[in-house]
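# Reading the structure
Okay, here's what each chain looks like letter by letter:
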Amino acid sequence: MDAQGRGRAEDIDPADQWVLNPDTGDYELRLPPSAPQSPVPRPRRATSAPAPEAPAPRRRRATPEEPPPPGRRGREEPPPGRRDRRRPAKKKSRGKKILLWTTGTMAFVVLAVGAAGYLYLQHLNDNIESLPDDGASTGGFQKDQAINILLIGTDKRTGSGNDGYGDKGSAGHADTTLLLHVSKDRSNATALSIPRDLIVDVPDCPTTQEDGSKKVIPGSTGVRFNTSLGQSGRTPSCTMRTVTELTGITPDNFMVADFNAVKTLSSAVGGVEVCLAKDIDDPDSHLNLPAGKHTIEGEEALAFVRTRHSVGFGGDLSRIELQQQFLSSLMRKLKSNDTLTSPTKMVKLAEAGTDALTVDAKLKSIGKLKDLGLELGKLDTKNLTFATVPVKDNPAEKTPVTVVLKDGPAQQVFDMVKNDVSFTEVKKQEKEKKDKEDAAVAARLEGAKSEPSEVRVRILNGGASSGSAGRELTYLQNEAGVTKSENAGNAPADIAKTTLEYAPDQADQARALAEILGLTGAAMKPGESVTNSQGLPAMTLTLGKDFKGAGVKLDATSAKAPEDLQKSTADKVECAK
């Protein structure tokens with residue numbers, strides 16, 4: 001009998017087992033006393049001797065979401081002889097505490113389950129499998145340090161209905177791998193996807209085999225990353241060592257989930273919304289969905305995260321993008337849903353996840369899972385960045401099917417994670433820097449402007465159509481009043497965009513000409529002046545490929561509609577004249 005069934009044997013829903021403790025004001029999970037059970041729950045069997053009668057189960061007390069039944073008091077009477085302790089006014093409810101523990105775990109659904117159901121996991125502990133880390137980790141996460149959790153999704157075809165997925169007879173390779181980094185101050189996190197087809201060196205790895213024996217599995221050079229697990233008896237500790245070899249980052253802990261995790265957990269939350277830009281019909285993953293938004297769960301959710309031939313370039317990198325979309329959507333669903341404040345739904349979520357979860361031995365205890373959840377609960381998920389290790393096609397293959405690191409960018413990403421540099425903060429800093437630069441550029445247009453007749457400029461053709469410099473000169477002299485302008489012929493090289501170079505003491509002239517031509521601040525280039533044909537300092541206007549014609553504003557947003565333009569608006573009735 002499963003853990004849920006233990007309560008239902010006496011016709012009690014698992015949610016009915018959450019009982020108000022009048023001494024603490026908290027709701028606690030209580031199971032009816034029963035005979036001692038083996039570590040692995042088994043179905044009850046009929047016996048010749050009658051089984052001892054179990055005490056009657058406690059009846060459910062009113063939960064915070066529902067009023068007490070008619071005729072019942074909303075609070076338990078204290079036992080005789082015990083002082084009546086009223087519930088403290090500011091005591092946090094159990095639901096709020098559990099929500100705190102689980103918020104950060106939405107970075108990856110397995111972590112959400114581990115923390116969300118931590119109370120119930122005391123009764124589901126046998127569902128969780130653990131494996132040794134064989135000395136490959138840091139020894140486990142620390143509360144006062146950055147956290148690095150290695151999350152591995154295997155392609156092992158265990159569980160009902162999974163025969164159609166994965167490699168037949170697979171020992172369970174590292175099919176989907178993310179290194180989840182949570183910053184020391186818990187303000188941000190990065191989920192770094194490692195492509196399964198990335199060529200890496202797998203180091204020698206001491207492992208504990210299933211029979212408890214120790215074995216050093218020889219390493220391999222120039223092999224796919226996914227072979228770091230399952231191949232030649234490699235355990236998750238080998239994947240840990242491979243990640244350390246690849247990134248220079250030693251994971252604190254690992255968690256492994258199989259196909260069932262996606263199926264059962266997506267169903268537990270009532271489905272996950274995804275979006276497709278085109279129709280997908282992938283016979284390999286069994287995904288058949290039209291373009292648009294869909295809510296998927298179960299088999300369809302698994303098909304979604306496994307499809308690759310019908311999206312992007314049809315490879316693993318395209319599938320990673322789908323998986324990141326799925327996880328992001330799942331996090332939003334968990335956060336916006338009332339799942340984590342409902343004992344019944346938490347039980348369902350915990351049941352669904354623990355069956356598909358394997359952790360390292362240092363995370364086996366309920367206390368450790370709770371502590372991890374508390375740390376992750378400090379994270380605002382809007383500051384979680386999904387990223388993929390920078391890679392390129394393997395140049396050693398005529399028809400590339402694997403990828404290799406882009407050394408420079410990849411090392412930069414690894415260094416950022418290793419040094420606890422926030423990807424979201426970097427993006428913010430880059431935006432702030434760009435905003436400052438944009439403001440500085442825009443400021444070039446602000447200030448006093450010379451009269452057109454005082455502007456001295458030489459005009460070069462740097463990629464505009466033939467004769468453009470001459471036509472622009474004619475416009476400037478005859479229509480714009482820039483009489484001190486001259487044609488200087490062709491520029492030394494073509495340029496994409498028109499520029500105006502000027503010396504600091506020519507800024508007033510530059511602003512005047514920019515207004516006439518419709519130049520942006522970016523087109524204005526502070527620099528040096530040149531000497532014109534009369535021996536006087538002049539600016540240099542170089543017409544680029546974006547030049548649209550004499551008298552036509554280069555920046556359309558700076559142009560004004562001609563005063564004599566016939567126009568009307570649809571909100572007004574215009575009488576025919």
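Residues numbered from 1 in each chain as written. Predicted model: local features only at pLDDT ≥ 70, side-chain atom pairs only at ≥ 80, totals over all residues. Heavy atoms only, no water.

## Remarks on the state of the cysteines
Counted under the stated rule, the structure contains one disulfide. Sulfur-sulfur distance for the disulfide between Cys205 and Cys238 comes to 2.2 Å. Here Cys205 and Cys238 share a disulfide; its torsion about the S-S bond, 90 degrees, makes the bridge right-handed. In this pair, Cys205 sits in strand β8 (residues 205-208) while Cys238 sits in helix α5 (residues 236-247), placing the two residues 33 residues apart along the sequence. (Disulfide = S-S within 2.5 Å. Helix = DSSP H or I, 4+ residues; strand = E, 2+ residues; numbered from the N terminus.)

## Digging into the sheet that holds strand β4 (residues 147-154)
The sheet built from seven strands is open, its strands ordered β3-β16-β11-β4-β5-β6-β17 with mixed pairing. In the strand order of this sheet, the two ends are held by β3 (129-131) and β17 (384-388), each with one partner. Sheet twist, expressed as the mean angle between neighbouring strand axes with direction ignored, is 20 degrees. Pairing of β4 with strand β5 (residues 174-182), which is carried by eight bridges, proceeds in the antiparallel orientation. Residue pairing across strands places Ile149 opposite Leu180, the latter belonging to β5. (Pairing = 2+ DSSP bridges. Axes fitted to C-alpha atoms, helices over the stretch in contact; angles between N-to-C directions.)

## Quick word on α5
Between its terminal C-alpha atoms α5 stretches 16 Å, which fits the 16 Å expected from twelve residues at 1.5 Å a residue. Of all the twelve residues making up α5, ten are buried; the element is thus mostly covered by neighbouring parts of the structure. Where α5 terminates, the next one or two residues include Gly248, which has phi positive at roughly 80 degrees. (Expected span 1.5 Å × (residues − 1). Buried < 20%, exposed > 50% of the residue type's maximum accessible area, 1.4 Å probe, protein only.)

## Concerning unusual backbone geometry
If you check the backbone angles, Ser232 has positive phi at about 55 degrees while not being a glycine. With respect to the helices and strands, Ser232 occurs in the loop between β10 (220-224) and α5. Among the residues examined, Ser232 registers a relative accessible area of 51% and is labelled exposed.

## Notes on the nonpolar core
Leu180, Met255, Phe304, Phe326 and Leu372 are the most contacted members of the largest nonpolar core, which totals 40 residues. Core analysis: the next-biggest nonpolar cluster, separate from the first, contains 29 residues, Val202, Leu229, Val243 and Phe414 among them. (Core = buried A, V, L, I, M, F, W, Y, C linked by side-chain atoms within 4.5 Å.)

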